[in-house]
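Read off the chains here:
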Amino acid sequence: MTTVLAARRPHRPTPESYLAFVSRAASFVESKGISWDLPVQCDGRIPPAHDWDLRILTDSHARTAARIRDFLVDVETHSLAHAAGWAIAKLPNGSVLDADVQTFIKAIAAQRTKAGINPRTVRHELTMLKRFFSVTTKRPWELSTDDFNRFSELLDHAVKVEDFLSSLAGLMNENLLSVHVPLLPTARLQSTARIQATLNGRTQENKLPEVQALHELARIIFQEEPVGHQDRMRFLATQLLMLTGLRINEVLLLPADCLRWETHVDVVTGRPANEVGGVTKSLRLRYFGEKRADGGPSVLVEDYQWIPERFQHAVARAVSAAIDATTTLRATLNAAVPRSRGYKTTAGSTLHVEDLLLLVLVGKQGELPEHVPNDSQVDTVAQSSLYQFLGVTKRPGRHTVFSRYGTASGSRELRVNPHSLRHMMTTEFFRLQIPDTVITQHFGRNTVAQSYEYDHRSLSERLAFVQLPASADHVIAAGSVQETMAKMVLSGFASGSHIAESFRKIQEDHGDEAAFDYLAANSDGFHVTPYGFCATSFAVNPCVRHLKCFDNCKHFVASGIAEHKVSLEQLRTRLTVMRDLAKAKPATSLGRKNQIAHADRLLSGVNAALTAQPGVTVFENGQDFSLPVKDLFQ
């Protein structure tokens, strides 16, 4: 053991940027009333009285705590590396992670929680971080791209692992946390290859439920008879997830008194609203929203969701069925002394477990007994239980909704992530052309930009609502590139492009028919680039900028596609590193000033592309590089 330690090369000095990152993290944690210095025991565990509750760092009101409990080397990952033939000298020696790694994990936890990331998501990232450092003896600031790629290969390029590595690499690049930045793991480079290749291709389709699994789940929860009370509650919880698009904990924490029926009358005539073209009766669902700034670990943020008319009776039936099925459990809790745990709400009230909707008898399978003993443990459906039921996590000997009730071929292997139902409903609302402000309010989000992260429409669906006038029928063929470009021009999706401006000018001067003739002849150039959409013709005028759309190109249209954002963020990281390297040179260095100015100009363009709304021309007053270059000598 001593020989191995002595053979290790000396570690590099800690970069100032890394020390500053840790200092900022410590200040943030201390500002939340939590001690930065954790008393780690010799076995790597943190005493329960001193562990970090990540809900406090995020001001979250989540029902279940997400904590940092230990800094243990992950035995499974360590053994996996050893079995794969990794040199023993390059693996941690012992069961506890190095002190520098512990500090890095705490700093990452602070940075992610400060950014408002869900505590459970942060805990998952920290678990992956501990696994990462369970197979390397490098200090955090010594990590290189090779370390990321080796870890990805060790875990067989699992999707969640690659997402974690991409996120970690981006964070380290942005904050210059390694002496080897930019870190460009294969997972991050390959992510740009997932750009939709056809008009019908969906962006990040993996975030939507798989079609067969969705159809089978809908059939089961609305048609099959559940076996036992536990499954009945899971059926009803899943129905509400599917009908509302709420987050899983927002559904599991629904109050029993959650339905609010509203009656509407015409204020002028006093008649029922449906008699004058309106709606007489509507339904609001009372729930407690997650990820709200005014919440806390023990404070529930009260909110309401208006239920679409077509779902109102289905939601009301599910709530009524849950109330009827939990009457005896609620009566048991009401009769108990002392009362169950309570939750304060932003409305000023306090809710107890008996006030919630989806109650179960903990550890009890089958139907509820006729008389529930007073000492029985009653609680709401657990999140882990629902994940297991939907097949997201599978445990030996435990059934899923598909293995118990499925009839289709291969049902046992199906799974549906409950959060994918939220992605699906948001996408469907966008497809139906519901305003993004309404969608944002409906799902309890803080900004419209957050809603677009859940928009997985294909370009074909985005343009489906656009109808071309009859004057275009004889020149614009259905299903052609010209039709796509015409719809983009008319819908405003490419309103600032050279083609769109020329179309409008010809339309104004010579009428619709001449304008569509022009469009048919010149709009063969709709393209998808690594950074967005291009509305020029490469067939006639090849891109003279070599796809540098972000460099003030007039034809560059923002797409809102996540993969394009990845490309732009990766580019921003490289440009930032290039600019900082130039700034670090002596002031008298040849070309230093031009290098910095060039990087700043390109960074400005990349930032403009990242903040632009989908369908908007990024550089409306930009340069038309497709035009011939003016001869300075003429």
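Since the model is a prediction, treat every value here as computed from it, not as a measurement.

**Some thoughts on the nonpolar core**
1) Next: By size, the foremost hydrophobic cluster in this structure holds 53 residues, and its most contacted members are Trp52, Phe104, Leu126, Leu129, Phe148 and Phe151.
2) Next: Contact partners of Leu129, with chain neighbours within four places excluded, come to Phe104, Ile105, Ile108, Phe164 and Leu168.

**A few points about the sheet that holds strand β3 (residues 259–263)**
1) Next: Strand order across the open sheet formed by five strands is β3-β4-β5-β6-β7, with mixed pairing between neighbours. Lying at the two open borders of the sheet, with one neighbouring strand each, are β3 and β7 (350–352). Adjacent strand axes in the sheet meet at a mean angle of 40° when their direction is disregarded.
2) Next: By the bridge criterion, three bridges tie strand β6 (residues 342–345) to β7 in an arrangement that is antiparallel. In the strand pairing of β7, Tyr343 is matched with Leu351.

**Let's talk about the pattern of salt bridges**
1) Next: Under the definition given, this model contains 26 salt bridges.
2) Next: For Glu428, the salt bridge is made with Arg431, and the minimal N-O distance between the two is 2.6 Å. Residue Glu428 and its partner Arg431 are located together in helix α17 (residues 418–431), separated by three residues, close to a single helical turn.
3) Next: With relative accessibility at 36%, the residue Arg431 sits in the partly exposed group.
4) Next: A salt bridge links Arg579 to Asp600, with the shortest nitrogen-to-oxygen separation between them at 3.4 Å. With Arg579 in helix α24 (residues 562–583) and Asp600 in helix α25 (residues 592–611), this residue pair connects regions lying 21 residues apart in the sequence.
5) Next: A single network of salt bridges, built from pairs that share partners, joins Asp51, Asp53, Arg55, Arg67 and Arg69.

**A few points about the environment of Leu129**
1) Next: Structurally, the position occupied by Leu129 is in helix α6 (residues 119–132).
2) Next: Placed 35 residues apart in sequence, Leu129 and Phe164 show a C-alpha to C-alpha distance of 8.6 Å.

**Looking at the confidence of the model for the protein chain**
1) Next: Taken over all residues, the pLDDT of the protein chain has a mean of 83, while the share at 70 or more is 87%.
2) Next: Confidence over residues 1–9 falls short of pLDDT 50; this stretch has eight contacts with residues more than four positions distant or in other chains.
3) Next: For the stretch residues 188–197, pLDDT sits under 50, and the model shows 25 contacts to residues farther than four places along the chain or on other chains.

**Comments concerning the pairing of strand β4 (residues 281–289)**
1) Next: Where burial is concerned, most of β4 is hidden: eight out of the nine residues are buried.
2) Next: Where β3 lies against β4, five bridges are found, and the strand directions are antiparallel. Each residue of the ladder has a partner; that of Leu259, found in β4, is Leu285.

**Focus on the environment of Glu210**
1) Next: Mapped onto the fold, Glu210 is located in the loop between α9 (186–190) and α10 (211–223).
2) Next: Residues Glu210 and Ser420, spaced 210 residues apart in sequence, show a C-alpha to C-alpha distance of 9.1 Å.
3) Next: For Glu210, the side chain forms a polar contact with the main-chain nitrogen of Ala213, separated by 2.8 Å.

**Some points on helix α11 (residues 228–244)**
1) Next: Taking 1.5 Å per residue, 17 residues should reach 24 Å; α11 reaches 25 Å between its end C-alpha atoms and fits that length.
2) Next: Of all 17 residues that make up α11, 17 are buried, and the element is covered over most of its length.
3) Next: Within two residues after α11, Gly245 carries a phi angle of roughly 75°, on the positive side.

**Observations concerning helix α14 (residues 327–335)**
1) Next: Residues of α14 that are buried: Leu329, Arg330, Thr332 and Leu333. When α14 is viewed along its axis, its buried side chains cluster within an angular range of 155° and face the same direction. In α14, the exposed residues that point more than 90 degrees away from the buried face are Asn334 and Ala335.
2) Next: The secondary structure elements touched by the buried residues of α14 are α11, α13 (309–325), β8 (359–361) and β9 (378–380).

**Looking at the side chain of Glu216**
1) Next: Among the secondary structure elements, Glu216 is positioned in helix α10.
2) Next: Take Glu216: its relative accessible area is 7%, and that puts it in the buried class.
3) Next: In this structure the side chain of Glu216 is engaged in a polar contact, spanning 3.1 Å, whose partner is the side chain of Arg219.
4) Next: Setting aside chain neighbours within four positions, we find Glu216 in contact with Phe402, Tyr405, Gly406, Thr407, Ala408, Ser411 and Leu414.

**Some points on the packing of aromatic side chains**
1) Next: Applying the stated criterion across every chain yields a total of twelve aromatic pairs.
2) Next: Centre to centre, the rings of Tyr18 and Phe104 are 6.1 Å apart; their planes meet at 15°, and the pair counts as stacked. Of this pair, Tyr18 sits in helix α2 (residues 16–31) while Phe104 sits in helix α5 (residues 99–114); the two residues are 86 residues apart in sequence, bridging distant segments of the chain.
3) Next: Exposure remark for Tyr18: the relative accessible area of 3% places this residue in the buried category.
4) Next: Judged by relative accessible area, which is 0%, Phe104 ranks as buried.

**With respect to the side chain of His352**
1) Next: Structurally, the position occupied by His352 is in strand β7.
2) Next: With relative accessibility at 14%, the residue His352 sits in the buried group.
3) Next: When near neighbours in sequence (up to four residues on either side) are disregarded, His352 contacts Arg339, Ser340, Arg341 and Gly342.

Criteria and thresholds
Residues numbered from 1 in each chain as written. Predicted model: local features only at pLDDT ≥ 70, side-chain atom pairs only at ≥ 80, totals over all residues. Heavy atoms only, no water. Core = buried A, V, L, I, M, F, W, Y, C linked by side-chain atoms within 4.5 Å. Buried < 20%, exposed > 50% of the residue type's maximum accessible area, 1.4 Å probe, protein only. Contact = heavy atoms within 4.5 Å. Pairing = 2+ DSSP bridges. Helix = DSSP H or I, 4+ residues; strand = E, 2+ residues; numbered from the N terminus. Axes fitted to C-alpha atoms, helices over the stretch in contact; angles between N-to-C directions. Salt bridge = Lys/Arg side-chain N within 4 Å of Asp/Glu carboxyl O. pLDDT = per-residue confidence, 0-100. Polar contact = N/O pair within 3.5 Å; in protein donor to acceptor, adjacent residues only side chain to side chain. Expected span 1.5 Å × (residues − 1). Arc of directions from axis to C-beta. Phe/Tyr/Trp six-rings, centres within 6.5 Å; stacked < 30°, edge-to-face > 60°.

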